[in-house]
Amino acid sequence: GGRAGSGNRLARTALGGVDLPVREVLDDVLVGLRKQPHAVVLVAPPGAGKTTAVPLALLEDDGMPDGAIVVTEPRRVAARAAAYRMAALRGERVGERAVGYRTRFDRSVAPSASRIDVVTDGVLARQLQTDPALPGVAAVLLDEFHERGPGSDLVLTLCLHARRARLTAGLPPLRLAAMSATLAPVLVERLAELMGGAAVVTSEGRSFRVEVRHVEPSRRLLRASKGMAARNELEQAVAKATRQALRETDGDVLCFLPGEPEIRRAAKAVKEQLPSERAEERAQQAKAQRQKPFRGFGAAPPAPREALGPVDVVPLHGSLDKEAQDLAVQPGPRGRRRVVLATNIAEASITVEGVTAVVDGGLRRVSKFSRSSGFDTLETAAISQASADQRAGRAGRLRDGICLRLWSKDEKLQAADVPAIAQVDLTSMVLSIAACGIPPPEIARLPWLDVPPTKSLEHAIGVLRLLGALDAADGDPLSAHGRELAKLPLHPRLGHMALLGGSATSQGEAANVAELCAFLEEDRDVLRSSRGGQAAPASADLRLRLRALRGSGTLPEGVRPVPDRCAHVRRSAEALRGQLPSRVAAASADPGVLLARAFPERVARRGAARGSYVLRDGSRCTVEDPTLCEHSFLAIARIRRSKATLAAPLATADAASILLPL
């Protein structure tokens with residue numbers, strides 16, 4: 001077995017001499033994983049090196065049994081970044097020898113299987129469906145557990161279930177570590193107890209002093225998160241604070257914004273605040289001129305805007321392609337500073353190099369289940385105090401830094417984030433658990449850190465029954481159709497739609513299955529509509545979105561595509577085609593039939609009044625689009641305040657064939 005006291009030796013070997021703060025506690029981590037119950041809770045601040053150092057030290061540890069070291073990350077960009085960092089420290093390429101990664105749409109693993117396998121939560125959840133005891137895996141490290149996404153809570157529960165299964169099967173115990181940047185002491189205690197009395201290891205990290213200032217004393221996050229603030233207020237405040245941060249520090253500036261639209265607008269505002277390259281050059285020359293010795297009176301040079309040096313403005317969010325994401329986390333070109341405009345992807349999951357100042361907008365997007373769409377949607381909300389502290393800490397990794405907060409100092413933030421499992425759709429999670437052989441009635445009795453809400457579980461089970469995924473006759477929790485759904489990297493509604501498909505097309509326009517899945521997964525529309533120069537609600541007709549995505553066909557006056565959103569959906573669709581069975585990926589069918597497959601309970605029949613439709617359960621909704629109102633049946637995907645916001649026509653024969661089995 002391995003030896004206590006070897007953590008620093010292993011760290012020096014594994015990290016190639018790179019001195020990471022977490023190295024000081026690696027002994028305790030390794031000892032905790034060697035001894036019963038072979039479980040550790042590691043708390044270390046962002047930038048301490050836990051993501052890199054712990055897996056590499058385990059790889060070198062003689063006390064580790066044979067098998068893969070699986071590291072889970074909540075985001076694809078974080079999984080790739082971690083794998084590339086570890087491979088670089090070992091002097092090898094990702095997927096060449098010891099280090100690989102697997103995400104939903106991308107993978108790079110060694111031909112003989114990588115010893116360190118960095119995966120997203122969803123990838124490990126699907127692996128657990130086929131191998132509930134995880135044979136061939138020696139350890140699972142749950143990174144960034146403080147984010148408490150639904151995937152991390154699910155994977156923890158399934159790994160604890162796998163530990164019991166291994167014990168029954170006589171397999172070596174599964175080593176398990178939950179690694180977190182910040183967790184409340186009471187949560188650390190509960191987590192350690194859930195993991196069977198896990199050792200708790202804390203690394204203080206190594207951070208410099210960060211001066212925190214509230215530079216927008218009149219701005220209130222609660223008001224801003226409810227959309228009551230003036231449009232572009234946040235972006236203009238970010239641009240102003242960014243200029244201040246560039247003046248006061250000499251490193252890069254990391255700005256936190258809630259999402260891609262705000263990042264796009266803030267990038268424009270920041271660039272307008274910055275001097276042009278030529279103006280910057282003239283400012284540098286004028287500064288040098290003023291510093292020369294006095295040589296007599298003459299015309300003084302014009303007073304320039306302050307010299308900030310060459311500055312690049314770089315976005316970082318989940319909609320970017322992987323090359324753009326990877327570029328954002330790497331150091332910029334020598335001699336050029338960067339302003340990185342990021343979502344909370346940069347809060348803890350990944351480290352953006354070179355940052356000495358943080359500008360914090362105080363808002364984030366939160367996933368919540370929407371009965372309107374049947375899926376999770378993103379809402380804007382104020383961040384928690386724990387998130388604010390983490391964001392500020394990003395300015396103190398290199399040297400003393402500053403954090404400029406764009407809200408009032410006396411505004412009280414919620415102490416910590418609400419666990420996602422308490423507010424998101426659980427249909428995919430219930431399907432994953434049932435695929436592991438666990439009947440839905442037993443889900444609430446599994447080892448959860450927070451037990452999923454009963455109403456959310458009941459809703460998820462109801463959806464899966466509606467789709468015919470549950471209750472096989474042979475004792476398997478899943479039907480044969482449910483097993484097929486569980487193999488797909490899609491929400492069960494979309495998987496059901498993809499597998500069953502539909503008639504060729506009875507309405508004149510066909511929808512590609514992968515493209516429609518990619519669009520329905522998006523929370524943002526690909527159309528923008530205006531009347532008289534003012535923004536207006538877009539038509540509910542799904543067929544217009546399909547035309548926008550293809551760049552073909554006519555759109556009504558005042559309706560135009562949003563190019564970057566269309567491009568993002570097309571990229572997602574292309575990636576999805578590589579993950580679906582070939583017959584499904586290439587299939588096209590009537591869009592109304594496909595929507596009705598995904599939302600069978602939302603097939604609607606025209607009522608007596610024009611624009612009034614009756615859904616299968618007897619509830620009513622209105623349809624304002626005249627091109628849809630002329631049809632007797634509609635398949636409705638989204639309903640908001642009893643008004644259909646996304647729908648497609650459905651032929652009478654198709655409606656009858658879909659409604660009959662229900």
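Residues numbered from 1 in each chain as written. Predicted model: local features only at pLDDT ≥ 70, side-chain atom pairs only at ≥ 80, totals over all residues. Heavy atoms only, no water.

Looking at an unreviewed UniProt entry, one finds the chain named ATP-dependent helicase HrpB and attributed to Alexandrium monilatum.

Caption draft 1: Representation of the overall build of the chain. In terms of regular secondary structure, the chain is built from 24 helices and 26 strands. Looking at the chain as a whole, 54% of its 662 residues are labelled buried. Partitioning the intrachain contacts of the chain with sequence separation of at least 6 by distance along the chain shows that 72% fall at a separation of at least 24. On the chain, roughly 28600 Å² of surface is accessible, and the fraction owed to carbon and sulfur atoms is 50%. (Helix = DSSP H or I, 4+ residues; strand = E, 2+ residues; numbered from the N terminus. Buried < 20%, exposed > 50% of the residue type's maximum accessible area, 1.4 Å probe, protein only. Contact = heavy atoms within 4.5 Å. Areas by Shrake-Rupley, 256 points an atom, 1.4 Å probe, with all protein chains shown as cover.)

Caption draft 2: Main features of the sheet that holds strand E2 (residues 68-73). Pairing is mixed across the open sheet formed by eight strands, whose spatial order is E4-E3-E5-E2-E6-E7-E1-E8. Looking along the sheet, the strands with just one partner apiece sit at the ends: strand E4 (107-108) and strand E8 (199-202). Pairing geometry for strand E3 (residues 99-102) and strand E5 (residues 116-120), over four bridges, is parallel. The residue bridging Gly 100 from the neighbouring strand is Asp 117, located in E5. Along the sheet, helix H3 (residues 50-60) makes contact with strand E1 (39-43), E2, E5, strand E6 (137-142) and strand E7 (175-180), crossing E2 at roughly 170 degrees. (Pairing = 2+ DSSP bridges. Axes fitted to C-alpha atoms, helices over the stretch in contact; angles between N-to-C directions.)

Caption draft 3: Representation of the layout of surface pockets. Estimated volume of the second largest pocket: approximately 580 Å³. Considering the residues around the second largest pocket, the lining is formed by 28 residues, among which Thr 52, Ala 81, Arg 85, Thr 351 and Glu 353 are closest to the centre. Top contributing element to the lining of the second largest pocket by residue count: helix H4 (residues 76-89), with six residues. A breakdown of the residues in the lining of the second largest pocket according to their chemical character gives 13 nonpolar, seven polar and eight charged. A domain split of the lining of the second largest pocket shows at least three residues from each of domain 1 (6-202) and domain 2 (210-275 + 308-421). (1 Å grid on protein atoms, 1.4 Å probe; cavity = no way out; pocket = protein on both sides within 12 Å on 5 of 7 lines; lining within 4 Å. Points joined across faces, edges and corners; volume = space filled by probe spheres on them. Nonpolar A, V, L, I, M, F, W, Y, C, P; charged D, E, K, R; others polar. Domains from an automatic or database assignment.)

Caption draft 4: Here's a closer look at the environment of Val 99. Turning to its location among the elements, Val 99 is positioned in strand E3. Residue classification places Val 99 among the buried positions, given a relative accessible area of 0%. Once the C-alpha coordinates of Val 99 and Asp 117 are considered, the two residues, 18 residues apart in sequence, prove to be 6.2 Å apart. Among all residues touching Val 99, those that are not within four sequence positions of it are Ala 83, Met 86, Ala 87, Arg 90, Glu 92, Arg 93, Val 94, Ser 114 and Ile 116.

Caption draft 5: Structural view of the sheet that holds strand E18 (residues 527-531). In space, the three strands of this open sheet follow the order E19-E18-E20, with antiparallel pairing throughout. A strand with exactly one partner marks an edge of an open sheet, and here the two such strands are strand E19 (534-535) and strand E20 (559-561). With two bridges joining them, E18 and E19 adopt antiparallel strand pairing. Note that in E19 the partner of Arg 531 across the bridge is Gln 534.

Caption draft 6: Main features of the packing of helix H14 (residues 427-435) against helix H16 (residues 480-487). Two numbers describe how H14 lies on H16: the axes approach to 10 Å, and their chain directions differ by 115 degrees. Regarding the angle of H14 to H16, the classification is roughly perpendicular. Both H14 and H16 take part in a crossing whose hand is left-handed. Contacts between H14 and H16 involve Leu 431, Ala 434 and Ala 435 on the former and, on the latter, Gly 482, Arg 483, Leu 485 and Ala 486. Counted by class, the contact of H14 with H16 contains five nonpolar, one polar and one charged residues. (Parallel < 35°, antiparallel > 145°, perpendicular 65-115°, else oblique. Left-handed = near helix turned anticlockwise from the far one by under 90°.)

Caption draft 7: Spatial organisation of the pairing of strand E16 (residues 401-405). For E16, the tally of buried residues reaches five of five residues, placing the bulk of the element in the interior. Alternating residues of E16 divide into Gly 401, Cys 403 and Arg 405 and Ile 402 and Leu 404, and every residue in both groups is buried. Examined bridge by bridge, strand E9 (residues 210-214) and E16 share five bridges and lie parallel to one another. Looking at the pairing, His 214 lines up with Arg 405 of E16.

Caption draft 8: Here's a closer look at unusual backbone geometry. Going from Gln 36 to Pro 37, the amide bond is cis rather than trans, its omega being 0 degrees. For Pro 37, the position within the fold is in the loop between helix H2 (26-34) and E1. For Leu 134, which is not a glycine, the phi torsion comes out positive at approximately 50 degrees. Take Leu 134: its relative accessible area is 0%, and that puts it in the buried class. The phi dihedral of Glu 144 falls on the positive side, at around 55 degrees, and the residue is not glycine. Here Glu 144 shows up in the loop between E6 and helix H6 (150-169).

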